[in-house]
Amino acid sequence: ADERPSRITSVAVVAEGDLMVRATLAALLICDGYRVFQQYKDHAAVSYIDSIDDLDVLFVDLDEPEWESVVRQARSRTPDASVIGISASDLIAKNADLEKFGIRVCLHKPILYSDVRTALSETVERPQAA
């Protein structure tokens, strides 16, 4: 039997180009008990995701040019990880194609932490449908 200890702390990666958004979101997630890793360059986020096995949620900046690569890598490494998009553009946030990347929730900048909590409760913190 697999005797791996269960993780108490959820792991979040914040791949966000804007320093203030990234740092603020990370600080609030830490206060909520998440272990958070911040990346501001798409290739750094991909490299980091390659190095971990326990990603629970990825926050990805949809305004960055290579966001698709970041999401693709996260989904291939940890298919059960939730992906939450962040964008300053209403057009991106309403893009129906986001769902094909596994992005069911997209937050509009400037983000409110109450919206982040709602997104987490809808994606990460509820039982996954069978």
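Now for a description of the structure that goes with this document. Just so it is clear, the model here is predicted, and its values are computed rather than measured.

### Considering the packing of aromatic side chains
Argument step 1. Scanning the entire structure with this criterion turns up two aromatic pairs.
Argument step 2. Look at W67 and F101: their rings are 5.0 Å apart centre to centre, the planes differ by 65 degrees, and that puts the pair in the edge-to-face class. Note that W67 is positioned in helix α3 (residues 67–77) and F101 in the loop between α4 (90–93) and β5 (103–108), a separation of 34 residues in sequence. Neither W67 nor F101 differs from the other in exposure class; each is buried.

### Here we look at the side chain of Q39
Argument step 1. By the element assignment, Q39 lies in strand β2 (residues 35–39).
Argument step 2. Contact partners of Q39, with chain neighbours within four places excluded, come to V14, A15, E16, R22, A44, A45 and Y48.

### A short note on the environment of D18
Argument step 1. Checked against the element boundaries, D18 lands in the loop between β1 (11–15) and α1 (19–31).
Argument step 2. Overall, D18 belongs to the partly exposed group, its relative accessible area being 34%.
Argument step 3. Taking the C-alpha atoms as reference, D18 lies 8.6 Å from D61; in sequence the two are 43 residues apart.

### Section: the nonpolar core
Across soluble globular proteins, nonpolar side chains show a tendency to be buried alongside one another.
Argument step 1. With 21 residues, the main nonpolar core has L55, L58, V60, W67, V70, V71 and I103 as its most contacted residues.
Argument step 2. Mapped by element, the contributors of at least two residues to this core are β1, α2 (42–50), β3 (57–61) and α3.
Argument step 3. If we skip the residues at most four places from it in the chain, W67 touches D42, V60, D61, L62, L98, F101 and I103.
Argument step 4. Within the second largest apolar cluster, 17 residues are counted, among which are A12, I84, I86 and V105.

Conventions we followed
- Residues numbered from 1 in each chain as written.
- Predicted model: local features only at pLDDT ≥ 70, side-chain atom pairs only at ≥ 80, totals over all residues.
- Heavy atoms only, no water.
- Phe/Tyr/Trp six-rings, centres within 6.5 Å; stacked < 30°, edge-to-face > 60°.
- Helix = DSSP H or I, 4+ residues; strand = E, 2+ residues; numbered from the N terminus.
- Buried < 20%, exposed > 50% of the residue type's maximum accessible area, 1.4 Å probe, protein only.
- Contact = heavy atoms within 4.5 Å.
- Core = buried A, V, L, I, M, F, W, Y, C linked by side-chain atoms within 4.5 Å.

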